[in-house]
Amino acid sequence: MTLKSFGSVLFFLVVLAALAFLPFYAGEYVVTLMIGMTGYVVLATAWALFSGPTRYISLATVAFFGIGAYTVSVLSETLPYVLVLLAAALVGLVVALVVGLATLRLAGVYFVIFSFGLAELVRQLVTWYEVNITGTLGRYIFLPVTSDGIYWQLLALAAATLLFSWAIGRSRLGLALKVIGDDEVVASHCGINIAGVKLALFSVSAVIITLVGAIQAPRWTYIEPSMVFNPTTSFLTLIMALLGGVDRLWGPLLGAIPLFLLFEWLSANFPNHYPIILGLIFIAIVFVLPNGVLAAAERIFSKRRGVTVPAANQGGAL
Amino acid sequence: MNIISRRSALRLIALATTVLSAGALTPVSAQERTSVKIGYALSLTGPNAGGTGITTLPNYQLWVKEVNDAGGLEMPDGKRLPIEVVEYDDRSSAEELVRALQRLATQDEVDFILPPWSTGYNLAAAPMFDRYGYPHLAATSVTDKAPEFVKRWKKSFWLLGGGHDYTSALAKVLVDASDKGVINKKVAMISIADGFGIDLVTAARPSFQEAGIEVVYDKTYPVGTTDFTPMINEAKASGADTFIAFSYPPETFALTQQVQVADFNPKVLYFGVGTAFPIYAKNNGDAITGIMGIGGIDATSEKVADYRQRHEAATGKAPDYWASVITYASLEILQEAIKRKGLDREAVSEEIATGTFQTVLGETKLEDNQLRDLWWAGQWQNGQFVSIAPADRPGASQPIIPRPERK
């Protein structure tokens, strides 16, 4: 381990520890704020884990998020909490495997449309089940989990996701993904098992997203499909990841934090203009920062230093 | 020597602390309250903005305006403090709502919080109200579980009844009519496969069974259905004199048109959410006479008529005929409880639970933290959506069954 990487590991740990102790010195509202923010950091990072290298734009985030929340609501009375989370992860995994096997051969815009449809499909299935089998739509979650507890769980999940994303980035799998993202034909000629690699990453990403939904669900007490399968969650995750930059480890995080804070500020100061501003930001990101802030910053810095940037990757995020 | 000096040093410190803290406290206690902070987080944007904009937000605006025009909220000592509003948008997301409520309680430290719109969001909000000790007057939450919630959240108040209340009242209206021999005891019903529709149809099946009403047609349709012709035809063929749709506003409007097109004239027509919207009358004119639905208002009450007028003058639109007046009454209850007990939330909650209040609904008293004096069913008569059930409550109108044939 070089001194530099040792330094960044140490820094990562110190920041993590500082964040973990936050509930002891910060107010309750800060913890609440951090829950929302950490939730989106995990969602955006997990989203970019799969969509970044493969360039598959997925709008299925909320499908898995909702599955997580629903699993908790169904099992919270019957199983211990840890097992509930495990069960949620398992359900997310199974759905991801089934869906992934069926669809990861789709490319480009077909996948985008399918993933959007998936969220709606899951929502309708849940609704159908509740209507015809249980005869009630809302479900109650009465779990004695505190805000602090939820925050710590999300923080741990965030750390794990970032670590995992970092590890993938330097593994053979990560390299394989990059090849797939650049050119699938080349990848298959290199002997990469394209479907397998994509499926593995899609599943991991989906499981993490499912866990976010599962961990956050106890905060709402009552859930129904329209609450947990809200498509805005998918769009926000996408925007955050794109703003930060999907092909860099810290990109989604750097996109999620400012956008989250911005929306929090907007909802207090311009309560009626949220959708307009959301749309404008979306447009701005696509036109001005197609590769995210991190890439833009790097380009500006390297220009100053007089280094030319390889042009291959520009404008390719979408 | 050493000990003594330490002791005197301690004494000095203690003294200094006392003096300093007393000095620091004086300006705080001398500071007079100049306003009462009232906060709310509503779905101002997103899928819930429609309902919020019809039932909840206009009433909050009306109430705040009226109170402030009168000089503010009256305190027990007769002084009036103007309301300062802190408003947030939850963007129709439960997580945002929970966060906004926490922000109101811990950052803005508002004196009282007004609840969000809809059953689900009030349930998501209830633990937050409870945790920070705010009274929670859930005026737009329809739930059969209110008695359980009251035990769980002591300061929660449930003002809009439960699904069973509405369907058993409807069953009674039908049974009364069939006892008179004007309709048969057969019902055809359809319901939307979403929140409200499911709750009501699940409550309706046992209600009808208990009342000895035969459900001859019972279908559920998915959200977004626009063509009801097949269902209308099957209901027509079923021989039922009563057609019920536990619908949401888009289908309520569509069904109203499509029963006319299909020339379907059952003796009783009952539609779900949307029937009580003022715009329903505007869009459909005379065709809606005799149509029944949830809610209704006391047509004989001058207070209600006056309230409707003030609402329209202040917000530019008429209130709906169901939860609007309840929402407004809940604000009147809060206002009166503050007048009696001041800004102590504990005492105010206690007063809301036990006190008797003069509101737009008349004399209002909660039973076990619930409002039970409600109108369970209404009918469009002479351009008003008037209440018909419970029939024995003063102010109830006579239901018109069979409904008049369309011209």
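Draft legend 1. Main features of the overall build of chain A. Within chain A, the regular secondary structure consists of 15 helices and 2 strands. For chain A, the C-alpha radius of gyration of 20 Å lies close to 20 Å, the compact-globule estimate for 318 residues. Each principal axis of the C-alpha distribution contributes one length, and for chain A these read about 65 × 50 × 45 Å. Expressed as a percentage of its 318 residues, the buried residues of chain A come to 51%. Partitioning the contacts of chain A with sequence separation of at least 6, the portion at a separation of at least 24 is 80%. Separation of charge centres in chain A, based on 15 positive and 12 negative side chains, amounts to 14 Å.

Draft legend 2. Local environment of the nonpolar core. Among the nonpolar cores identified, the biggest contains 125 residues, and A:Phe64, A:Phe202, A:Trp220, A:Phe263, B:Leu101, B:Ile113 and B:Trp158 are the most heavily contacted of them. Looking at which element gives the most residues to this core, the answer is helix α3 (residues 28-54) of chain A, with 16 residues. Apart from the residues within four sequence positions on either side, B:Ile113 is in contact with B:Gly39, B:Leu101, B:Leu104, B:Ala105, B:Phe129, B:Tyr134 and B:Pro135. B:Val67, B:Met75, B:Leu137 and B:Ala204 belong to the second largest nonpolar core, which has 101 residues in total.

Draft legend 3. Local environment of the interface of chain B and chain A. In this complex, chain B contributes 36 residues to the contact, which on the side of chain A involves 30 residues. A buried area of about 3100 Å², summed over both sides, lies between chain B and chain A, and 56% of it is on carbon and sulfur atoms. A per-residue breakdown of the area chain B buries against chain A is headed by B:Arg91, B:Glu95 and B:Arg99, which together make up 21% of the total. Where chain B meets chain A, there are 4 salt bridges.

Draft legend 4. Structural detail: the domain arrangement of chain B. All names here are of chain B. Segmenting chain B into domains produces domain 1 (36-162 + 301-365) and domain 2 (163-298 + 376-389). On a C-alpha basis, the centres of domain 1 and domain 2 stand 30 Å from each other. The interface of domain 1 with domain 2 comprises 14 residues on the first partner and 18 residues on the second. When domain 1 packs against domain 2, the two sides together hide about 1400 Å² of surface, and 63% of this comes from carbon and sulfur. The largest contributions to the domain 1 side of the interface with domain 2 come from Gly162, Tyr321 and Trp322, which together make up 49% of the buried area. Here domain 1 and domain 2 share 0 salt bridges between them. Across the domain 1-domain 2 interface, the total number found is 10 residue pairs in polar contact (both at pLDDT 80 or more). For the side of domain 1 that touches domain 2, the per-class residue count stands at 8 nonpolar, 3 polar and 3 charged.

Thresholds, definitions, all that
- All chains use their own residue numbering, which begins from 1 and follows the written sequence.
- Following the order in which they are written, the chains are lettered starting with A and the ligands numbered starting with 1.
- Given that this is a predicted model, residues contribute local features only at a pLDDT of at least 70 and side-chain atom pairs are listed and counted only at 80 or more, while totals for whole chains, interfaces and linings are drawn from all residues.
- Neither water nor hydrogens contribute to the side-chain values; these are computed over all heavy atoms in the structure.
- Helical segments are the DSSP runs of H or I of at least four residues, strand segments are the runs of E of at least two, and each set is numbered from the N terminus.
- Only C-alpha atoms enter the radius of gyration; for comparison, a globular chain is expected to reach 2.2 Å times N to the power 0.38, where N is the number of residues.
- Here's how the labels work: a residue is buried when its accessible area is under 20% of the maximum for its type, exposed when over 50%, partly exposed in between, all with a 1.4 Å probe on protein chains only.
- Pairs of residues are marked as contacts when any of their non-hydrogen atoms sit within 4.5 Å.
- Counted charges follow a simple rule, with Lys and Arg positive, Asp and Glu negative, and His plus the chain ends left uncounted.
- A single reference atom marks each charge: NZ on Lys, CZ on Arg, CG on Asp, CD on Glu.
- Working definition of a nonpolar core: buried Ala, Val, Leu, Ile, Met, Phe, Trp, Tyr and Cys residues. They are joined through side-chain atoms within 4.5 Å.
- Each of two parts loses accessible area, computed with a 1.4 Å probe, when they are put together; buried area is these two losses added.
- What makes a salt bridge here is a side-chain nitrogen of Lys or Arg within 4 Å of a carboxyl oxygen of Asp or Glu, nothing more.
- Residue ranges labeled as domains rest on an automatic or database domain assignment.
- Polar contact criterion, stated in full: a pair of N or O atoms within 3.5 Å, where within protein one must be able to donate a hydrogen and the other to accept it, and residues adjacent in sequence count only if both atoms are side-chain atoms.
- Gly is put with the polar residues, along with every residue not named as nonpolar or charged; the nonpolar set is Ala, Val, Leu, Ile, Met, Phe, Trp, Tyr, Cys and Pro, and the charged set is Asp, Glu, Lys and Arg.

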